[in-house]
Amino acid sequence: MKNKLDQNKESLKAAGELYKDFYEEERRPEAQKISFINFRLGREWYGVEISKVKAVAAVSEVTYLPCVPPYIAGIVNLRGNILSITDLKQLLGLVASPFTKDNRILVITSSEFETGIIVDEVSKVIEVELNNIDPPLDTLEAERADYIVGECKIGDIFFAILKVEKSFALNG
């Protein structure tokens with residue numbers, strides 16, 4: 001039979017382990033995370049902060065407009081709302097391709113207005129810790145650098161984070 005001193009030592013040790021775990025967990029800073037909707041343009045992957053995306057919609061008939069910059073694909077009627085559509089491939093200097101039924105429109109919102117960006121494919125929502133986001137590569141072409149706020153690799157997906165405010169400025 002254990003004596004009283006040994007029992008107390010064991011109790012204190014067990015309590016110490018409990019308190020140690022409790023305090024260590026309490027002191028651990030929680031990593032800040034941000035969610036992105038991940039999409040593809042050609043062979044490249046991009047992300048937009050999910051809080052700026054109002055909806056993802058299939059491409060309906062795009063009405064082309066005369067006398068607009070080449071990156072404005074036109075307008076669409078989306079559930080009764082007329083929405084201007086930006087072709088990000090044109091804007092970023094990527095190889096253009098005709099729109100298909102597989103393309104999607106990301107409806108982007110700001111405090112001032114809504115616009116749509118047309119993408120080749122929408123993949124999924126990815127949650128990223130802020131410390132995993134790197135600045136854009138120095139080798140990024142100047143015409144693209146203004147539109148990219150950072151880059152990130154999650155698993156086997158490497159994607160650039162789009163600065164949607166820049167496309168708002170161009171559309172506004």
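Residues numbered from 1 in each chain as written. Predicted model: local features only at pLDDT ≥ 70, side-chain atom pairs only at ≥ 80, totals over all residues. Heavy atoms only, no water.

Asks: I'm lost on the overall build of the chain in this one. Help?
Replies: A tally of regular secondary structure across the chain gives 4 helices and 11 strands. Across the 172 residues that make up the chain, the buried fraction comes to 34%. A separation threshold of at least 6 residues defines the contact pool for the chain, and within that pool the share at least 24 residues apart is 56%. In the structure as shown, the chain presents an accessible area of about 11,100 Å², 52% of it carried by carbon and sulfur atoms. (Helix = DSSP H or I, 4+ residues; strand = E, 2+ residues; numbered from the N terminus. Buried < 20%, exposed > 50% of the residue type's maximum accessible area, 1.4 Å probe, protein only. Contact = heavy atoms within 4.5 Å. Areas by Shrake-Rupley, 256 points an atom, 1.4 Å probe, with all protein chains shown as cover.)

Asks: Before we go on, may I ask you to explain the nonpolar core in this structure?
Replies: Side chains of a nonpolar character, in soluble globular proteins, are inclined to be buried together. Counting residues in each nonpolar core, the largest one holds 21 residues, and the members touching the most others are Phe 39, Leu 41, Tyr 46, Val 48, Leu 88, Leu 106 and Leu 162. In this view, Leu 162 contacts Phe 39, Gly 47, Val 48, Leu 88, Ile 117, Tyr 147 and Ile 148; residues no more than four positions away in its chain are not counted. Counting 11 residues, the second-largest nonpolar core is a separate cluster that includes Ala 55, Ala 57, Val 76 and Leu 83. (Core = buried A, V, L, I, M, F, W, Y, C linked by side-chain atoms within 4.5 Å.)

Asks: Would you take a moment to explain the sheet that holds strand 7 (residues 114-119) for this structure?
Replies: Neighbouring strands of a sheet are bound in pairs by backbone hydrogen bonds; such pairs are parallel or else antiparallel. One open sheet accounts for 5 strands, arranged 3-6-7-5-4; its pairing is mixed. On the outer flanks of this sheet lie strand 3 (53-58) and strand 4 (72-78), each paired with one strand and no other. With strand direction ignored, the average angle separating the axes of adjacent strands in the sheet is 30°. Here 6 bridges tie strand 4 to strand 5 (residues 81-87), and the two strands are oriented antiparallel to one another. Looking at the pairing, Leu 78 lines up with Asn 81 of strand 5. (Pairing = 2+ DSSP bridges. Axes fitted to C-alpha atoms, helices over the stretch in contact; angles between N-to-C directions.)

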